[in-house]
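Breakdown of the fold
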Amino acid sequence: MIITDLMTAVKTAVDAGTYTVPFASTSIKLVPVTPASNRPMEMIIGYEGGEENRIARCQWEQLRTVRCIISNYVGIGDLEAQTLDCMTTVREVVDQVKSQAATVSSGGEGFVLVGVRVDPEYNYEALLEEALFLSVIYLDYKGYL
């Protein structure tokens, strides 16, 4: 299945990297877990959505988006320094995915990473209210069937 293959490729790419703030876990879930005050650095990879566009009589363009939610409780110590380290880690994840999962094969077809966006780079309200670093990476893949 295309969605599973894309999420698995992203997880494999992320797991292969080294980061400023290492992940305690990376997992594939469609629904994120509610943040807790003792949560370590964690990434939840899920499916955001997709669409299909007919481009020729027998050819379809598929767009699929994989969502990576990164969270870390940063309530102990220097909040700003820990947040900046987490933001650096987000950039490292983006670079790792670009180099390791820029193309993904699924069902004999190839999907190419065509867009990456980080929104938000960090959630100010979550940081202010719960001392929780929260960032989301969206990875847009395009393939043809």
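Structure report, in brief. As the structure is a computational prediction, the values presented were derived from the model and not from experiment. Every chain is numbered independently, its residues counted from 1 as its sequence is written. Under the rules for a predicted model, residues below a pLDDT of 70 receive no local features and side-chain atom pairs below 80 are neither given nor counted, while totals for whole chains, interfaces and linings still include all residues. Each side-chain value is derived from all of the structure's non-hydrogen atoms; neither hydrogens nor water enter the calculation.

**Overview of the overall build of the protein chain**
What counts is decided by this rule: By the criteria applied, helices consist of DSSP H or I runs no shorter than four residues and strands consist of E runs no shorter than two, each listed in order from the N terminus. C-alpha atoms define the radius of gyration, and 2.2 Å times the number of residues to the power 0.38 defines the globule rule. Burial status follows relative accessibility: with a 1.4 Å probe on protein chains alone, a residue under 20% of its type maximum counts as buried, one over 50% as exposed, and anything between as partly exposed. Contacts are residue-level and defined by heavy atoms, with any inter-residue pair within 4.5 Å sufficient. We get accessible surface area from the Shrake-Rupley algorithm with a probe of 1.4 Å; when it comes to residues, only the shown protein chains can shield them.
Counting its regular elements, the protein chain contains three helices and six strands. Listing every helix and strand of the protein chain by position from the N terminus yields α-β-β-β-α-β-β-α-β. Whereas a compact globule of 145 residues would reach a radius of gyration of roughly 15 Å, the protein chain reaches 16 Å, a difference of no more than 12%. Burial analysis of the protein chain (145 residues in total) assigns 41% to the buried set. Taking contacts inside the protein chain between residues at least 6 apart in sequence as the whole, the part at least 24 apart equals 61%. With the model as given, the accessible surface of the protein chain reaches about 7,700 Å², and the carbon-plus-sulfur share is 52%.

**Quick notes on the pairing of strand β6 (residues 132–144)**
Test applied: DSSP-based pairing: two strands are paired if at least 2 bridges between them are found.
With 10 of 13 residues buried, β6 is to be regarded as a mostly interior element. The sheet contact formed by strand β3 (residues 59–73) and β6 spans 13 bridges and is antiparallel. Directly across from Cys68, in β6, lies its bridge partner Ile137.

**Some words on the side chain of Gln96**
The residue Gln96 is located in helix α2 (residues 79–100) in this model. Apart from residues no more than four positions distant in its own chain, Gln96 is found in contact with Ala13, Val14, Ala16, Gly17, Tyr19 and Ala101.

**What to know about the packing of aromatic side chains**
Put simply, the test is: In this scheme Phe, Tyr and Trp rings, the latter by its six-membered ring, pair at centre separations within 6.5 Å, and the angle between planes marks the pair as stacked below 30 degrees, edge-to-face above 60, and tilted otherwise.
Enumeration over the complete set of coordinates arrives at one aromatic pair. Aromatic side chains Tyr19 and Phe23 sit 5.4 Å apart centroid to centroid with 80 degrees between the ring planes, which places their arrangement in the edge-to-face category. Of the two residues, Tyr19 and Phe23, both sit in the buried class.

**A closer look at helix α1 (residues 2–15)**
Our working rule: In a helix, the anticipated span is given by 1.5 Å times the number of residues less one. Working note: the arc is built from the helix axis to C-beta atom directions.
For α1, with 14 residues, the first-to-last C-alpha span of 20 Å sits near the 20 Å given by 1.5 Å per residue. Taken as a whole, α1 has its buried residues at Ile2, Ile3, Leu6, Met7, Val10, Ala13 and Val14. Buried residues along α1 cover an arc of 130 degrees about the axis, so they all sit on one side.

**Overview of the sheet that holds strand β4 (residues 103–106)**
Put simply, the test is: Axis lines are fitted through C-alpha atoms, for helices just across the contact stretch, and the angle between N-to-C directions can take any value from 0 to 180 degrees.
What the six strands build is an open sheet, ordered β1-β2-β3-β6-β5-β4; its pairing is mixed. Of all the strands in the sheet, just β1 (25–28) and β4 have a single pairing partner and so form its edges. Each strand axis lies, on average, 30 degrees off the axis of its neighbour in the sheet, ignoring direction. Helix-sheet contacts for α2 involve β2 (42–56), β3, β5 (109–118) and β6, and the interaxial angle to β6 is about 10 degrees.

**Some words on a nonpolar patch on the surface**
Selection criterion: A patch consists of residues exposed above 30% relative accessible area that lack any salt bridge, with like charges linked at up to 9 Å and nonpolar side chains (Val, Leu, Ile, Met, Phe, Trp, Tyr) linked at up to 5 Å. For salt bridges, the criterion is a side-chain nitrogen of Lys or Arg within 4 Å of an Asp or Glu carboxyl oxygen.
Taken together, the side chains of Tyr122, Tyr124 and Leu128 define a hydrophobic patch exposed on the protein surface, amounting to about 320 Å² of accessible area. The topology assignment puts Tyr122 in the loop between β5 and α3 (124–130). Exposure remark for Tyr122: the relative accessible area of 32% places this residue in the partly exposed category.

**Some remarks on the pattern of salt bridges**
Taken as a whole, this structure holds six salt bridges when the rule is applied. Ionic pairing is found between Lys11 and Asp15, a salt bridge with its closest N-O pair at 2.7 Å. One end of the pair, Lys11, and the other, Asp15, are both in helix α1, four residues apart, so they sit about a helical turn from each other. A residue is classified by how much of its surface remains accessible, and Asp15, at 42% relative accessible area, is partly exposed. Note that Asp140 and Arg117 form a salt bridge whose closest N and O atoms lie 2.8 Å from each other. Pair noted here: Asp140 is in strand β6 and Arg117 is in strand β5, with a separation of 23 residues, a long-range link. By relative accessible area, Arg117 is classed as partly exposed at 39%.

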